[in-house]
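What follows is each chain in one-letter form.
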Amino acid sequence: MDIDRLEKIARELNCLFKRNEPLASHLVFGVGGMLPFYLRPSSWEVAEEILPLLWEEGLPFKVLGGGSNVLAAD
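Attention in this report is confined to the structure presented alongside it. Position labels on residues start from 1 in each chain and follow its written sequence. Only residues with pLDDT of at least 70 get local features here, since the model is predicted, and only at 80 or more are side-chain atom pairs given and counted; chain-wide, interface and lining totals rely on the full set of residues. By convention in this description, side-chain values take in all heavy atoms of the structure and omit both hydrogens and water.

### Regarding the overall build of the protein chain
Okay, so step 1: When its secondary structure is counted, the protein chain shows two helices and two strands.
Okay, so step 2: Helix and strand assignments follow DSSP, with helices taken as H or I runs no shorter than four residues and strands as E runs no shorter than two, numbered in order from the N terminus. Written out in order from the N terminus, the α and β elements of the protein chain read α-β-β-α.
Okay, so step 3: Relative to the globule expectation of 11 Å for 74 residues, the C-alpha radius of gyration of the protein chain, 12 Å, shows essentially globular dimensions.
Okay, so step 4: For the protein chain, the spread of C-alpha atoms along the three principal axes comes to 30 × 25 × 20 Å.
Okay, so step 5: Burial statistics for the protein chain: of 74 residues in total, 31% are counted as buried.
Okay, so step 6: Should any heavy atoms of two residues lie within 4.5 Å, those residues are considered in contact. Excluding contacts between residues fewer than 6 apart, the proportion of contacts in the protein chain whose partners are at least 24 apart in sequence is 47%.
Okay, so step 7: By element, 55% of the accessible surface of the protein chain is carried by carbon and sulfur atoms, the whole surface being about 5200 Å². Every radius of gyration here is taken over C-alpha atoms, with the globule rule written as 2.2 Å times N^0.38, N being the number of residues. The classification of residues rests on relative accessible area computed with a 1.4 Å probe and restricted to protein chains. Under 20% of the type maximum is buried, over 50% is exposed, and intermediate values are partly exposed. Surface accessibility in these figures is a Shrake-Rupley result with a 1.4 Å probe; residues are shielded only by whichever protein chains are displayed.

### A few points about the layout of surface pockets
Okay, so step 1: Put simply, the grid is 1 Å and covers the protein atoms alone, a cavity is a trapped set of points that fit a 1.4 Å probe, a pocket is an open set with protein on both sides within 12 Å along at least five of seven lines, and lining residues have an atom within 4 Å of a point. Grid points are joined across faces, edges and corners, and a volume is the space filled by probe spheres set on the points. Taken as a whole, the largest pocket spans an internal volume of roughly 770 Å³.
Okay, so step 2: Lining the largest pocket are 26 residues; nearest its centre among them are Y38, L39, K62, V63 and L64.
Okay, so step 3: Taken together, the elements giving at least two residues each to the lining of the largest pocket come down to β2 (34-40) and α2 (44-57).
Okay, so step 4: Sorting elements by how many residues they give to the lining of the largest pocket places β2 first, with six residues.
Okay, so step 5: Residues are sorted three ways: Asp, Glu, Lys and Arg are charged, Ala, Val, Leu, Ile, Met, Phe, Trp, Tyr, Cys and Pro are nonpolar, and all the rest, Gly among them, are polar. When grouped by side-chain class, the residues that make up the lining of the largest pocket number 19 nonpolar, five polar and two charged.

### Quick word on a nonpolar patch on the surface
Okay, so step 1: On the surface, V28, F29 and L71 cluster together into a nonpolar patch covering about 370 Å² of accessible area.
Okay, so step 2: One can find F29 in the loop between β1 (16-22) and β2.
Okay, so step 3: A relative accessible area of 56% places F29 in the exposed class. Nonpolar side chains (Val, Leu, Ile, Met, Phe, Trp, Tyr) are joined into patches within 5 Å and like charges within 9 Å, using only residues with over 30% relative accessible area and no salt bridge. In what follows, salt bridge is the name for a side-chain nitrogen of Lys or Arg lying within 4 Å of a carboxyl oxygen of Asp or Glu.

### Side note on the packing of helix α1 (residues 3-12) against α2
Okay, so step 1: Between α1 and α2, whose axes approach to 11 Å, the crossing angle comes to 165 degrees. Compared by their axis directions, α1 and α2 come out roughly antiparallel. Between α1 and α2 lies a crossing of right-handed hand. Residues R5, L6, I9 and A10 of α1 lie in contact with α2, whose contacting residues are I50, L53, L54 and E57. Comment: axis = line fitted to C-alpha atoms, over the contacting stretch for helices; angle = value between 0 and 180 degrees taken between N-to-C directions. Throughout this description, any angle smaller than 35 degrees is read as roughly parallel, any larger than 145 degrees as roughly antiparallel, any in the 65 to 115 degree range as roughly perpendicular, and the remainder as oblique. Two helices crossing with the near one rotated counterclockwise from the far one by less than a right angle form a left-handed crossing, whereas a clockwise rotation gives a right-handed crossing.

This is the structure we're talking about:
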């Protein structure tokens, strides 16, 4: 799955989708490099739909939650 197709699916499912997003803006400590894409489902039900798609397509992803227990390199 390419990023364009993922973006289309994410928007159809009412997810926030951003390309080249700084991870720092989503973490409490304010550090972290650029993400190829950032995806935030609008609900747990939507997450249950889209996470298996990411897994099946072999796209790497991490579930961050609120970002308070995550420390990432720039």
